[in-house]
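# Descriptive structure summary
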Amino acid sequence: VQLQAFGGGLVQAGGSLRLSCAASGRTFSSYAMGWFRQAPGKEREFVAAIRWSGGTTYYADSVKGRFTISRDNAKNTVYLQMNSLKPEDTAVYYCAARGDRWATMDPREYDYWGQGTQVTVSS
């Protein structure tokens, strides 16, 4: 599975962005998908994840209520809608695929990673 994330950019605090992650391969619907982020000098951290069917989602406490993960298996794409952005959301955002239908919050359990897209939130 190859992943390509896009949609990042520069936005003011309080604004919104929608990230997309396009996946290659015909078995996309078999994979759980996750979004992670890494700020300069910090470790990669979990943001959100979604089960293969889209019926179950998980969020980090820091983004709960502001971010929404979703997927369209017909388009081989997973999305991250980010609202009410804060300067502390500034990071490179990565999408990842797990070779299992169940999602987790542990980045070590994901098998494939996209190249990342920069999100910068100005105050």
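Residues numbered from 1 in each chain as written. Predicted model: local features only at pLDDT ≥ 70, side-chain atom pairs only at ≥ 80, totals over all residues. Heavy atoms only, no water.

Turning our attention to the packing of aromatic side chains. Per the stated rule, a full pass over the model turns up five aromatic pairs. With a centroid separation of 5.2 Å and an interplanar angle of 75°, the aromatic rings of Phe 36 and Tyr 110 are classed as edge-to-face. Residue Phe 36 is found in strand β4 (residues 32–38), and its partner Tyr 110 is found in the loop between β9 (91–98) and β10 (112–113); the two are separated by 74 residues along the sequence. With respect to burial, Phe 36 and Tyr 110 carry one shared label: buried. Clustering of aromatic rings is evident, with ring pairs tying together Phe 36, Phe 46, Tyr 110 and Trp 113. One cation-aromatic arrangement involves Arg 101 over Trp 52; the distance from NZ or CZ to the ring centre is 4.2 Å. (Phe/Tyr/Trp six-rings, centres within 6.5 Å; stacked < 30°, edge-to-face > 60°. Helix = DSSP H or I, 4+ residues; strand = E, 2+ residues; numbered from the N terminus. Buried < 20%, exposed > 50% of the residue type's maximum accessible area, 1.4 Å probe, protein only. Lys NZ or Arg CZ within 6 Å of the ring centre and 35° of its normal.)

For strand β5 (residues 45–50), the buried fraction is high: five of the six residues fall into the buried class. Bridge count between β4 and β5: five bridges; the pairing is antiparallel. Bridged to Arg 37 within β5 is Glu 45. The turn linking β4 back onto β5 is made up of six residues, and Gly 41 within it adopts a positive phi angle of 75°. (Pairing = 2+ DSSP bridges.)

This part covers the pattern of salt bridges. What the rule picks out here adds up to seven salt bridges. Across the pair Glu 109 and Arg 98 runs a salt bridge, and its minimum N-O distance is 3.0 Å. Of this pair, Glu 109 sits in the loop between β9 and β10 while Arg 98 sits in strand β9, and the two are 11 residues apart along the sequence. You can call Arg 98 buried: its relative accessible area is 14%. With a closest N to O distance of 2.9 Å, Asp 106 and Arg 108 form a salt bridge. Members of the salt-bridge network, linked through shared partners, are Arg 37, Glu 45, Arg 66 and Asp 89. (Salt bridge = Lys/Arg side-chain N within 4 Å of Asp/Glu carboxyl O.)

Our next topic: the state of the cysteines. Overall, the coordinates contain one disulfide when judged by the stated rule. The residue that forms a disulfide with Cys 21 is Cys 95, at a sulfur-sulfur distance of 2.1 Å. Taking the sign of the torsion about the S-S bond as the criterion, the disulfide between Cys 21 and Cys 95, at about 60°, is right-handed. Separated by 74 residues along the polypeptide, Cys 21 in strand β3 (residues 17–23) and Cys 95 in strand β9 bring together distant segments of the chain. Take Cys 21 and Cys 95: they sit in the same class, and that class is buried. (Disulfide = S-S within 2.5 Å.)

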